[in-house]
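Chain by chain, the residues:
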Amino acid sequence: MLLITDPWFYALAVPAILVTGISKGGFASGGGNLSVPAMALLVPAPQAAAISLPVLCAMDIAGLRAWWGRWSLREMRAILPGGLLGIALGSLAFGLMSDRMTKLMVGVIALAFLARNLWQARHGKPPPPAAPNRLKGGFWSTVSGFTSTIAHAGGPPLAVYLYPLRLERAQLAATTVVFFGVVNYVKLVPYAALGQLSLGNLLTSLVLLPLAPVGVRLGVWLQGRISDKVFYRVIHVLLAATGIKLVADGLGL
């Protein structure tokens, strides 16, 4: 059958899609997309990415409605060109770079970022907000676009640049949501060209599609009810969990 019917697949995919939707809604945005790692336990990683993409695009519609006009225009100008360049590079590497290599790279970036934050916290007061830097923004957004194309794992690289800026929480959420909204819709083109949007994958995406608005609304609801201190702790915990999972997968553990 074209449609995936394995109940274990949906037992993993449903909660992972909901958690991803919560992040798309602005709560701990950029904390990591759990849908691909969860689905990849039972199907090949490229297929997991292909099934996830239409659902992510549906989430982006709800996320854009919730956060429209609240992003940082300065940072969008710094990161969007890099994101598009990363998609082009990721499209060229798709199928050439191994799934394990990509996961290991993203996981190391995420854990290095968290280790840096912990070291700074243990050696005095937290550093002042980082100054905006278009060169750094362009580099990390290119890495984000690349890893997002390969495995929808663009959150940690973008966080390396955005989080130290300490943007106002709504502005951070909106900037992240809009960036990945643009990236995901652009990714439809290379995914279709590479034959990833097959009928079977699209039918499975359709089954999971109703979860998209539910997860996003939960994210918007949670984002307005938790303090900034807890908000960033949750972001870092999710980023750590994502990084550890990706490193473990990359090392074949």
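Thresholds applied
- Residues numbered from 1 in each chain as written.
- Predicted model: local features only at pLDDT ≥ 70, side-chain atom pairs only at ≥ 80, totals over all residues.
- Heavy atoms only, no water.
- UniProt positions renumbered as here; feature names shortened; annotations may be inferred.
- Helix = DSSP H or I, 4+ residues; strand = E, 2+ residues; numbered from the N terminus.
- Buried < 20%, exposed > 50% of the residue type's maximum accessible area, 1.4 Å probe, protein only.
- Contact = heavy atoms within 4.5 Å.
- Patch = residues over 30% accessible without salt bridge, like charges linked within 9 Å, V, L, I, M, F, W, Y side chains within 5 Å.
- Areas by Shrake-Rupley, 256 points an atom, 1.4 Å probe, with all protein chains shown as cover.
- Salt bridge = Lys/Arg side-chain N within 4 Å of Asp/Glu carboxyl O.
- Core = buried A, V, L, I, M, F, W, Y, C linked by side-chain atoms within 4.5 Å.
- Polar contact = N/O pair within 3.5 Å; in protein donor to acceptor, adjacent residues only side chain to side chain.

The name an unreviewed UniProt entry assigns to the protein chain is Probable membrane transporter protein, from the organism Pseudoroseomonas cervicalis ATCC 49957. Listed under Subcellular location (unreviewed entry) in UniProt, the entry text for the protein chain is "Cell membrane".

Quick notes on the overall build of the protein chain
When helices and strands are counted, the protein chain shows eleven helices and zero strands. Reading the protein chain from its N end, one meets helices and strands in the order α-α-α-α-α-α-α-α-α-α-α. Counting over 253 residues, the protein chain shows a buried share of 51%. A separation of at least 24 residues holds for 86% of the contacts in the protein chain among residues at least 6 apart in sequence.

Observations concerning a nonpolar patch on the surface
There is a patch of nonpolar side chains on the surface, built from Leu-2, Leu-199, Leu-203 and Leu-206 and spanning about 390 Å² of accessible area. Here Leu-203 shows up in helix α9 (residues 199–208).

Considerations on the nonpolar core
Counting 29 residues, the largest nonpolar core has Phe-9, Ile-17, Met-39, Met-59 and Leu-208 as its most contacted members. Looking at this core, the elements that each hand over two or more residues are α1 (7–24), α2 (35–39), α3 (45–67), α6 (134–151) and α10 (211–223). Per-element accounting of this core gives the leading share, nine residues, to α3. Ranked by size, the runner-up nonpolar core spans 21 residues in total, among them Ala-78, Ile-79, Ile-87 and Leu-165.

Observations regarding the UniProt feature "transmembrane region" (unreviewed entry) in the protein chain
Under the feature "transmembrane region" (unreviewed entry), the UniProt entry names residues 7–27, 47–67, 79–97, 172–193, 199–218 and 230–248. With 90% helix and 0% strand, the stretch residues 199–218 has end C-alpha atoms that lie 30 Å from each other.

Focus on unusual backbone geometry
For Arg-166, which is not a glycine, the phi torsion comes out positive at approximately 55°. Looking at the secondary structure, you find Arg-166 in the loop between α7 (155–162) and α8 (169–193). The partly exposed category is assigned to Arg-166, whose relative accessible area is 43%.

Remarks on the side chain of Thr-175
Mapping Thr-175 onto the fold places it in helix α8. In this structure the side chain of Thr-175 is engaged in a polar contact, spanning 2.9 Å, whose partner is the backbone nitrogen of Ser-72. There is a polar contact of 2.7 Å between the side chain of Thr-175 and the backbone oxygen of Gln-171. When residues no more than four places from it in sequence are discounted, the contact partners of Thr-175 are Trp-71, Ser-72, Glu-75, Met-76, Ile-79 and Leu-162.

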